[in-house]
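Each chain is listed here by its residues.
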Amino acid sequence: MQIKIKYLVNDLERIKFTEGSDWIDLRSADSITMKKGEWKLIPLGIAIQLPPGYEANIVPRSSTFKNFKIIQTNHFGVVDESYSSDKDQRYFSAYALEDTQINKNDRICQFRINKKQPIFDIIEVDT
């Protein structure tokens, strides 16, 4: 299987896949200053094209809150295969619980590729 990644920021560190890893780190494409209580979309500097029948899920890294005091506002980002044009940049929706600084290329989130949910029938039962 292959995924296609277009880098929208030239000096962004490249994504690396390590065999045996379950998640792939994504980085901030800009240096971002956030004040406590502020919400921002943090650009990740990439567009992704997935193979048919797959989606990607984006979540914070386990160290994101500890290092940056931000949480992901949608708690779980979904990238479906239809959102894959050259201009469809990925973002991390962040809310700051304290004043914070995120530097360009800081690892703030991660993604995983999964097969899409199969088509199924829902059957209502009494028991």
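Above this text you will find the structure in question.
Here goes a summary of the coordinates provided. Computed from a prediction, not measured in an experiment: that's the story for all the values here.

Turning next to the packing of aromatic side chains. Counted under the stated rule, the structure contains 0 aromatic pairs. The lysine or arginine in question, Arg14, covers the ring of Tyr7, its NZ or CZ lying 3.8 Å from the ring centre. The ring centre of Phe65 lies 5.5 Å from the NZ or CZ of Lys69, which sits over that ring.

Pairing within the open sheet is antiparallel, and its 3 strands lie in the order β4-β9-β7. Lying at the two open borders of the sheet, with one neighbouring strand each, are β4 (39–43) and β7 (70–72). With strand direction ignored, the average angle separating the axes of adjacent strands in the sheet is 40°.

In this structure, Asn57 sits in strand β6 (residues 54–60). Judged by its relative accessible area of 5%, Asn57 is buried. Here the side chain of Asn57 touches Asn114 through a polar contact of 2.3 Å, side chain to side chain. Beyond its immediate chain neighbours, meaning those up to four positions away, Asn57 contacts Trp23, Phe76, Gly77, Val78, Gln110, Phe111, Arg112 and Asn114.

Looking now at the environment of Pro43. Tracing the backbone through its elements, the reader meets Pro43 in strand β4. Of the residues examined, Pro43 reaches a relative accessible area of 10% and is grouped as buried. Placed 28 residues apart in sequence, Pro43 and Ile15 show a C-alpha to C-alpha distance of 15 Å. Not counting residues up to four positions away in its chain, the partners in contact with Pro43 are Arg27, Ser28, Ala29, Asp30, Ile32, Gln89, Arg90 and Tyr91.

Under the criterion given, the structure shown has 5 salt bridges. The partner of Lys104 in a salt bridge is Asp11, with the nearest N and O atoms 2.6 Å apart. One end of the pair, Lys104, is in the loop between β10 (100–102) and β11 (107–115); the other, Asp11, is in the loop between β1 (4–7) and β2 (24–27), with 93 residues separating them in the sequence. For Asp11, a relative accessible area of 49% gives the class partly exposed. One continuous salt-bridge network, built from bridges that share partners, spans Asp25, Arg61 and Arg107.

Backbone hydrogen bonds are what pair the strands of a sheet, in a parallel or an antiparallel way. Taken in spatial order, the 4 strands of this open sheet run β2-β11-β6-β8, and their pairing is antiparallel. Here the strands that pair on one side only, and so sit at the sheet edges, are β2 and β8 (77–79). The sheet shows a mean angle of 35° between the axes of neighbouring strands, direction not considered. Sheet analysis places β2 next to β11, joined by 4 bridges and oriented antiparallel. Across the sheet, residue Asp25 finds its bridge partner in β11, namely Gln110.

A grouping of Trp39, Leu41 and Tyr91 is seen on the molecular surface, where their side chains present a nonpolar patch of about 330 Å² in accessible area. Following the sequence through the fold, Trp39 ends up in strand β4.

Rules of the game
Residue indices follow the written sequence of each chain, beginning from 1 at its first position. Given that the model is predicted, a residue must reach a pLDDT of at least 70 before its local features are reported, and side-chain atom pairs must reach 80 or more before they are shown or counted; all residues, however, enter totals for whole chains, interfaces and linings. Water and hydrogen atoms play no part in the side-chain values, which are based on all heavy atoms of the structure. The pairing test for Phe, Tyr and Trp rings, Trp by its six-membered ring, is centres within 6.5 Å, and the orientation test on the planes gives stacked under 30 degrees, edge-to-face over 60, and tilted for anything in between. Charge-over-ring placement is defined geometrically: NZ (Lys) or CZ (Arg) within 6 Å of the ring centre, and within 35 degrees of the ring normal. Strand pairing is defined by DSSP finding a minimum of two bridges between the two strands. Strands are runs of DSSP state E lasting at least two residues, helices are runs of H or I lasting at least four, and both sets are numbered from the N terminus onward. Axis definition: a line fitted to C-alpha atoms, limited for helices to the stretch in contact. Angles are taken between N-to-C directions and run from 0 to 180 degrees. Burial classes: relative accessible area under 20% of the type maximum marks a residue as buried, over 50% as exposed, and values in between as partly exposed (1.4 Å probe, protein chains only). Two N or O atoms count as a polar contact when they lie within 3.5 Å, although within protein this holds only if one can serve as hydrogen donor and the other as acceptor, and sequence-adjacent residues are included solely when both atoms are side-chain atoms. By definition in these notes, contact holds between two residues if any of their heavy atoms fall within 4.5 Å. For this document, the term salt bridge refers to a Lys or Arg side-chain nitrogen within 4 Å of an Asp or Glu carboxyl oxygen. To count toward a patch, a residue needs a relative accessible area over 30% and no salt bridge; like charges are then connected within 9 Å, while nonpolar side chains (Val, Leu, Ile, Met, Phe, Trp, Tyr) are connected within 5 Å. For the accessible areas, the method is Shrake-Rupley and the probe is 1.4 Å, while residue cover comes only from the protein chains on display.

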